[in-house]
Amino acid sequence: MTDHITLRRPDDWHLHLRDGEMLRAVAPHSAGFGRAIIMPNLVPPVVTGQQAAAYRERILSAVPEGATFQPQMTLYLTDTTDPADVIKAHQGGVIRAVKLYPAGATTNSDSGVTDFDRIRPVFEAMAEAGIPLCVHGEVTDPDVDIFDREAVFIDRVLDPVRRANPELKVVMEHITTSDGVAYARSGENIGATITTHHLVINRNAIFAGGIRPHYYCLPIAKRETHRLALREAATSGDARFFLGTDSAPHPDRAKLQPCGCAGCFTAPNTMSILAHVFEEEGALDRLEAFTSLNGAAFYELLPNEDRIRLTRRDIPTEYPATIVAGDETVTVFDPGFPLYWHLEDL
Ligand SMILES: NC(=O)N[C@@H](CC(=O)O)C(=O)O
């Protein structure tokens, strides 16, 4: 049995680092990645190039000394985003991508897009400049069942947007369904991130013996057939699929509520979980493509030069059940099985 693998340093193409005390608490847990696409859904959101540049500085101050982590900033698209500001921020090297949240789709998405016609000039400018659009792909119509929101979004929103802007590079963020997998495979200029937790849990995890708030995230985990489709896509080596953990820390106080927040905090144990999943699928030789090559290629960047090693030991790796952020605790995602793959920096 393989007992160690060496990978190019992985990248995380979808990450929530928050701000303030939470940023300082969680950033060290992602600092072992080479790069990460940083989500802009702060309160208030990161909507201008200037705000993105300032946020980038705060992130770099929160990363431990010696880490090579490079935050890749995004702008939060609103109905009033100025195409010129997007282009300027991209040309100035401040942002890597733009994030589309349909208004009300998820945590801190109130400022999201309500009218796709109004932002057409932004899409046109982005397509011309080669700036990728990262899409939270769920409709917000309360009449649509929560488990169908991704599939309906693809038909009602994503496909029309892509047909109107065929040159626009689109990342379907955190896909959770076989519909998402099939759509990502169906055309040009499209990629999809897959989270760690959606490779591990299906929707039963949220209701196993009672309600389990730490398995509630958006898009919500779907039925088992979808989890298996995600596993097949992630482990296939297909360059359109790459890691975006969507590690989304919330204080336990905010999750354990009558109306608790969505998000799974996977940064501390993601690589050990992924090695476990890829080993189960007999695909350890394709882990590097998923974590370290495909995303970089999509974003037209070189893969990281340095390496990490994962070693399989007889004793499970230890990771904290919770971390402390100021006065708050944040629960680390529990995959429900021991993790024998230990992460080492080389
Ligand atoms: N994934 C989540 O469940 N939550 C994210 C927002 C998001 O990416 O949907 C968050 O910011 O908390």
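My aim in this report is to walk through the structure given alongside it, one point at a time. (Residues numbered from 1 in each chain as written. Predicted model: local features only at pLDDT ≥ 70, side-chain atom pairs only at ≥ 80, totals over all residues. Heavy atoms only, no water.)

1. Things to note about the site of the ligand
Note the threshold: Note on terminology: near, applied to a residue and a molecule or strand, indicates that one of the residue's heavy atoms is within 4 Å of it. The definition of a polar contact used here is a pair of N or O atoms within 3.5 Å, where within protein one atom must be able to donate a hydrogen and the other to accept one, and adjacent residues in sequence count solely through side-chain atom pairs. Per-residue accessibility takes into account occlusion by the displayed protein chains alone, with areas from the Shrake-Rupley method and a 1.4 Å probe.
The immediate surroundings of the ligand are formed by 15 residues, with N41, T106, L218, D246 and H250 found nearest. In this structure, H250 approaches the ligand through a side-chain N or O atom, which is 2.7 Å from an oxygen atom. Contact between the ligand and A262: a nitrogen atom at 3.1 Å from a main-chain N or O atom of the residue. Starting from 310 Å² of accessible surface for the ligand in isolation, the protein chains cover 100%.

2. With respect to the packing of aromatic side chains
The line we're drawing: In this analysis, rings of Phe, Tyr and Trp, with Trp reduced to its six-membered ring, are considered paired at centre separations within 6.5 Å, and the interplanar angle assigns stacked below 30 degrees, edge-to-face beyond 60, and tilted for intermediate values. In this text, helices come from DSSP runs of H or I with a minimum length of four residues, and strands from runs of E with a minimum of two, each type numbered from the N-terminal end. For every residue, the accessible area (1.4 Å probe, protein chains only) is compared with the maximum for its type, and the residue is labelled buried under 20%, exposed over 50%, or partly exposed between those bounds. The criterion for a charge sitting over a ring is simple: Lys NZ or Arg CZ within 6 Å of the ring centre, and within 35 degrees of the ring normal.
According to the stated counting rule, one finds seven aromatic pairs in the structure shown. An angle of 35° between the planes, with centres 5.1 Å apart, marks the rings of Y76 and Y101 as tilted. Taken together, the positions of Y76 in strand β4 (residues 70-76) and Y101 in the loop between β5 (95-100) and α4 (120-129) put the pair 25 residues apart, joining distant regions of the chain. Exposure class is identical for Y76 and Y101. Each is buried. Residues F242 and F298 carry aromatic rings whose centres are separated by 5.5 Å and whose planes lie at 40° to one another, so their mutual orientation is tilted. With a gap of 56 residues between them, F242 in strand β9 (residues 241-243) and F298 in helix α10 (residues 287-298) connect regions that are remote in the sequence. Grouped by ring-pair contacts, the aromatic residues W13, F242, F298 and Y299 constitute a single cluster. Directly above the aromatic system of F298 lies the positively charged group of K169, at a separation of 4.6 Å from the ring centroid. Its guanidinium or amino end placed over the ring of F147, R203 lies 4.7 Å from that ring's centre, counting from NZ or CZ.

3. Let's talk about the pattern of salt bridges
Put simply, the test is: One side-chain nitrogen of Lys or Arg within 4 Å of one carboxyl oxygen of Asp or Glu is enough to make a salt bridge.
Scanning all chains against the criterion turns up 18 salt bridges. The salt bridge involving R185 is made with E232; its shortest N-O contact spans 3.1 Å. With a gap of 47 residues between them, R185 in the loop between α6 (178-184) and β8 (190-194) and E232 in helix α7 (residues 224-235) connect regions that are remote in the sequence. Residue R185 is classed as partly exposed on the basis of its relative accessible area, which comes to 31%. Among the ionic pairs, D238 bridges to R185, the shortest N-O distance being 3.3 Å. Of this pair, D238 sits in the loop between α7 and β9 while R185 is found in the loop between α6 and β8, placing the two residues 53 residues apart along the sequence. Within this structure, R185, E232, D238 and R240 form a network of salt bridges that share partners.

4. Comments concerning the sheet that holds strand β10 (residues 307-312)
Basically, it comes down to this: Pairing between strands is defined by DSSP: at least two bridges between the two strands are required. Helix axes are fitted to C-alpha atoms over the stretch in contact, other axes to C-alpha atoms as well, and angles between N-to-C directions run from 0 to 180 degrees.
Across the sheet, three strands lie side by side as β1-β10-β13; this open sheet has antiparallel pairing. Each edge of the sheet is formed by a strand with only one pairing partner; in this case those strands are β1 (4-8) and β13 (341-345). Shown here is a sheet whose adjacent strand axes are inclined to one another by a mean of 25°, direction ignored. Relative to β13, β10 runs antiparallel, the two being bridged by five bridges.

5. A word on helix α9 (residues 270-280)
Let me state the cut-off plainly: Whether two residues are in contact is decided by their heavy atoms: any pair within 4.5 Å suffices.
By the criterion of burial, α9 is predominantly enclosed, with nine of the eleven residues buried. Among the residues of α9, those classed as buried are T270, M271, S272, I273, L274, A275, H276, V277 and F278. Where the residues of α9 are buried, they touch β1, α7, β9, α10, β10 and β13. Just downstream of α9, G282 is the residue with a positive phi angle, here 65°.

6. Side note on the environment of A125
Tracing the sequence through the fold places A125 in helix α4. Each residue touching A125, except ones within four places of it in the same chain, is listed here: P83 and I87.

7. Quick notes on the packing of α9 against α10
Applicable threshold: Angular relationships are summarised with four words: roughly parallel below 35 degrees, roughly antiparallel beyond 145, roughly perpendicular across 65 to 115, and oblique for the angles in between. Here the nonpolar group is Ala, Val, Leu, Ile, Met, Phe, Trp, Tyr, Cys and Pro; Asp, Glu, Lys and Arg are the charged ones; every other residue, Gly included, is treated as polar.
At a minimum axis distance of 9 Å, the contact between α9 and α10 shows a crossing angle of 140°. Considering the angle they form, α9 stands oblique to α10. For the pair α9 and α10, contact is made by M271, L274, A275 and F278 and by L287, F290 and T291, respectively. Its residues placed into classes, the contact of α9 with α10 shows six nonpolar, one polar and no charged.

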